[in-house]
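Next come the chains, spelled out residue by residue.
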Amino acid sequence: MTHTDGIVKPKTKRAKRFLQGREAKLTENIKNAMIMKGGNTTDTVTQALKDIYALKKPNAVLFKKKNIVRPFEDSTSLEFFSKKSDCSLFLFGSHNKKRPNNLIFGRLFDYHVLDMIELGIEKFTTLKDIKTSKCPEGTKPMLVFAGEAFDFDNEHKRLKSVLIDFFRGPTVSSVRLAGLEHVLHFTALEGKIYMRSYKVLLKKSGCRTPRIELDEIGPSFDFVLRRTHLASDDLYKTAHRQPKALKPKKKKNISTDAFGTKFGRLHMQKQNLDKLQTRKMKGLRKRRGQHVATETAATETAATEESTSPKKLRIDE
Amino acid sequence: MAACSIEDVLAKAEKDEAERLKSITVLKELDLEFDTGNLLAFDKNRVDVHDFKSTSKEEFLRSLARDNTQLFINEVWKRPTERIEDVIVVKLPEATTPLPREKPPPKPKAPTKWEEFAKLKGIQKKKKTNLVWDEVHKEWKRRWGYQRAKDDTKEWLIEVPVNADPNEDQFAKRNNAKKERVAKNEFNRLKNIARAQKLPTPGGGLVPTAQQSKAELTQAINVAKASTASAGKFQESLPKEKAPRNTGKKRKFQPLIGDFTDERQKQLDILKVLGSKKPRIDMTKAVNKQMREEDRESASNARKGPGKKGRKGNMPGKGRGGFKGKGGFSGKEGFSGKGGSSGKGGFAGKGKGRGRGKPAKGQQQNPRSKPGKR
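Conventions adopted
- Residues numbered from 1 in each chain as written.
- Chains lettered and ligands numbered in written order.
- Predicted model: local features only at pLDDT ≥ 70, side-chain atom pairs only at ≥ 80, totals over all residues.
- Heavy atoms only, no water.
- Helix = DSSP H or I, 4+ residues; strand = E, 2+ residues; numbered from the N terminus.
- Buried < 20%, exposed > 50% of the residue type's maximum accessible area, 1.4 Å probe, protein only.
- Contact = heavy atoms within 4.5 Å.
- Areas by Shrake-Rupley, 256 points an atom, 1.4 Å probe, with all protein chains shown as cover.
- Salt bridge = Lys/Arg side-chain N within 4 Å of Asp/Glu carboxyl O.
- Pairing = 2+ DSSP bridges.
- Axes fitted to C-alpha atoms, helices over the stretch in contact; angles between N-to-C directions.
- Core = buried A, V, L, I, M, F, W, Y, C linked by side-chain atoms within 4.5 Å.
- 1 Å grid on protein atoms, 1.4 Å probe; cavity = no way out; pocket = protein on both sides within 12 Å on 5 of 7 lines; lining within 4 Å.
- Points joined across faces, edges and corners; volume = space filled by probe spheres on them.
- Nonpolar A, V, L, I, M, F, W, Y, C, P; charged D, E, K, R; others polar.
- Buried area = accessible area lost by both parts, 1.4 Å probe.

Undergrad: Which parts of the structure should I look at to understand the overall build of chain A?
TA: Within chain A one finds 7 helices and 15 strands. For chain A, buried positions account for 39% of its 317 residues. Long-range contacts, defined as pairs at least 24 residues apart, comprise 67% of the intrachain contacts of chain A with a sequence gap of at least 6. Counting only carbon and sulfur atoms, one obtains 51% of the accessible surface of chain A, whose full area is about 19500 Å².

Below, the structure is given as C-alpha cells:
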C-alpha cells in the first residue's frame, strides 16, 4: 500500500477488503478484545487472561509479551495498539504489591479510551481445575446479572455495560434452541462481584419449556471493584449516537381502527371528469345537438359529489 | 353428582397443570428484566447476605443462577420458532440495551465532480453487463480491465490515417495516449479526494508542505516571479537576490547546416577515434574515480573493521567490476589535455587490469597496498 499524505491506496483486492473491514460502517463488526499483560504478572493473572481469552475466542487477541504500561496514567500505548489491531475492547492484567492480581476491563471509542474498570481477583478457579465437559468455542453465552447494585450504583451500571460488551458475542437474529448452552452469571454483593460460568442442560419437563439444570464449567472469579475511569457524560452520549439510516423506516398512510381494521390512505391527482374513461354505452353517446345540454348537466352534478380529496379505503387483511 | 364430578375434573385438571408447571416455575419478588435480543437477563431482587453466608457460597450462587436461567429460558420459549433444515430455531427480537459504538458513524462521502454534474443534469447510472462479446476473438471478454474486449493498445495492425505523419509510430502514439489518460484519471481522483477533505490545493503545480527546504523556497519564488503577464521580464529583484540557475535551454545543439569546416573537423576526429587501437581515457576523471572508490572502501573497511577479516580478500574483485567502460569513450570531451598519456593509464576498465603501470601525477601507489588481511 502506498501512503501519500495519509491516503492509503491499496494495491490488491485483498488489501482493499482489509481496509474496508476496518473503516466505520453503519452496522458495525463484532468488537475485538486485546488481552495483554503488564510489567509484572503472577500465575493467577496469566491463567485468568488465558481463560478469558478462551471464552472470547475467536474475537480476541492474546499478546504474548509484557507491556510496561500504566493504563490509568497513560493510555496512549493502548490506543496505539487498538489502532493497529483494530480492537475496541481490552483486558489488561498486572500484579503489584498495592494491587495484587489486577484486571482492567476497558473499551475504546474511535481509538480513544472510553471506560476503564479495575477489578481485583480474590479467588479464581481455572478451566482446567473444573473437570467437566465444556461448551464448544464461540457459543453465544447468556448473561445474567443479579443484585441491586447493578441497578443503583453508577459504577456497577457501567461495569455491567462493559461486561455485556465484552462477553456478548456476535449479534444474531435467530438462535438455535439447543445451542443455548452457556450462561455467565454475575452477582453483585457487598462491593464484590462473583462471576460463574455454567453449562445449561435442558431437561424434560411436563410442558414445552424445558427444565434447566446447571453444570459448572469454566473459570469462576471473585472480583472486588477497585478504581474506575468512566467516560464523561457527553462522550458517552456521542458514543451511543446511532446513524439515522439505521432507524426503522416508518410506514406512512397506514392507520388502524379501534376494532383493529387496517386502513390505508390513497392520494389521487385531480381528475378531469369530462375526459374520464368510463364504460361506453352506445345508446348514451352524444347526438348532435339536442342531448348535449342535458348530458353535460348530469355529469356536472355527479362530479361535485365525488371529491378529489384523499379517500379512505378499507383494506381487509 | 354431575356437578361434583365436573368440579372435581376441573380441580384435578388444574392440579395436574400446576404439577407440570412446577418444574419450571420460579418464585421471585420482582420480575426479571429481559433483553432477549442480546440474551440478557437482569435480576433486581435483593440478594440475601445471610443466606449467602449461611449456605455454601457455590451452592447459593448455583441455585440463584439456575432460577434466573430458568426464567430466561421460559421467556425465550415464548417466542415464535421455525424449523430450518431439521433444526429448531427461535427468532430473536431487536436488542434493547444501548451499547456504545466502536467507531463514530460514517460521514456521507462528498460527491465527486462527475457526481455533482450528473445530479445537475439528471443523468442516471445505467447498469451495464460484466462481459462483452468480442467479435475478433469470438469470446466473452470483460468490459474493462485485464484482457478486455476492445483494447486498442493490443492491436497488431494499425492503419496510418491519411493526414498523419508517415514516420510517426502509431503504436507508441496509442500507448502514450493511454498513459496520459491513466495519469489524468489518477490526478482527477486525487483532486476529488483533496476536495472532499478540503485540503488546500494551489492552482499551479506547487503544493505547500510543512517544512520547505531552501531549494524549494527559491523554486517557489522563481515560479511566482515568472508567472506574470510578461513572464517575469519586468519584475525587480531584491538587492541580494541571486539569478535563478538552471534556467534557459538544457541542451545546445549545433544548427543542422552551419559551419562546414567545423563539421568536417568533427567528422575527422570521430574517424580518428574509431581508427585508433588504444582506448581513450580521460585521465582526470579516471583518477578522481579511483580516489573516490578507495575512500569509500577504506570507510567501509573501517566500519566493518575486525569483524570481517576473511572476506576482505574477495571484496576487491567485486569493487573493481564497476569500473568497466566508464573511463572509456566519452565522445569529444573525453580527451583532455593529458593527451598521449593513454598508454600510462593503468586503469583500463577491467578489474584485473590494474597495476599495469604507475598512475599519473604520482598519486597513491598500488591500490592494493592497504592492510587487507587475507
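Undergrad: Before we go on, may I ask you to explain the pattern of salt bridges in this structure?
TA: Here the idea is simple: oppositely charged side chains can pair when their charged atoms come close. Throughout the structure, instances matching the rule amount to 26 salt bridges over all chains. Close ionic contact of R211(A) with E213(A) constitutes a salt bridge, the shortest N to O distance being 3.1 Å. A residue is classified by how much of its surface remains accessible, and R211(A), at 25% relative accessible area, is partly exposed. Residue E213(A) is classed as partly exposed on the basis of its relative accessible area, which comes to 26%. For D43(B), the salt bridge is made with K28(B), and the minimal N-O distance between the two is 3.2 Å. Pair noted here: D43(B) is in strand β2 (residues 40-43) and K28(B) is in the loop between α1 (2-22) and β1 (33-35), with a separation of 15 residues, a long-range link. A single salt-bridge network, built from bridges that share partners, covers K31(A), R107(A), D115(A), R158(A) and D165(A).

Undergrad: Please explain the sheet that holds strand β12 (residues 211-229) of chain A as it appears in this structure.
TA: Note: strands within a sheet are paired through backbone hydrogen bonds, in either parallel or antiparallel orientation. Strand order across the open sheet formed by 11 strands is β4(A)-β3(A)-β5(A)-β6(A)-β7(A)-β12(A)-β11(A)-β10(A)-β8(A)-β2(B)-β1(B), with mixed pairing between neighbours. Two strands lie at the open edges of the sheet, namely β4 (60-66) of chain A together with β1 of chain B, each paired on one side alone. Averaged over all pairs of adjacent strands, the angle between their axes in this sheet comes to 25°, without regard to strand direction. Running over the sheet, helix α2 (residues 43-56) of chain A touches β3 (33-37), β4, β5 (89-94), β6 (102-109), β7 (112-125), β10 (182-189), β11 (192-203) and β12 of chain A and is turned about 165° from β3(A).

Undergrad: Before we go on, may I ask you to explain the nonpolar core in this structure?
TA: Soluble, globular proteins show a tendency: their nonpolar side chains are buried together. F105(A), F145(A), F167(A), F186(A) and F223(A) are the most contacted members of the largest nonpolar core, which totals 35 residues. For this core, the element with the most residues is helix α5 (residues 154-167) of chain A, which contributes 6 residues. Among all residues touching F186(A), those that are not within four sequence positions of it are L143(A), V144(A), F145(A), A146(A), F150(A), L163(A), F167(A), I193(A), Y194(A) and M195(A). In terms of nonpolar packing, the next biggest core, distinct from the first, is built from 27 residues, V183(A), L39(B), A41(B) and V47(B) among them.

Undergrad: Honestly, the layout of surface pockets in this entry has me stumped. Any pointers?
TA: The calculated volume of the second largest pocket comes to roughly 950 Å³. Taken together, 32 residues line the second largest pocket, and the ones lying closest to its centre are R168(A), T171(A), Q242(A), L246(A) and A95(B). Looking at the lining of the second largest pocket residue by residue, the class counts come to 14 nonpolar, 10 polar and 8 charged.

Undergrad: What is the right way to look at the interface of chain A and chain B in this model?
TA: Where interface size is quoted, it is often the accessible area lost as the parts come together. Tallying the contact residues gives 71 residues for chain A and 52 residues for chain B. Of the roughly 5900 Å² buried between chain A and chain B on both sides combined, carbon and sulfur atoms contribute 61%. The interface formed by chain A and chain B holds 5 salt bridges in total. The residue D222(A) makes a salt bridge to K57(B) at a minimum N-O spacing of 3.5 Å.

Undergrad: Is there a simple way to think about the sheet that holds strand β3 (residues 81-83) of chain B in this case?
TA: Across the sheet, 3 strands lie side by side as β9(A)-β4(B)-β3(B); this open sheet has antiparallel pairing. What marks the edges here is a single partner per strand, and that holds for β9 (174-176) of chain A together with β3 of chain B. Adjacent strand axes in the sheet meet at a mean angle of 35° when their direction is disregarded. As judged from the 3 bridges shared by β3(B) and strand β4 (residues 88-91) of chain B, these two strands associate in the antiparallel manner. Within the sheet, the bridge partner assigned to R83(B) lies in β4(B) and is I88(B).

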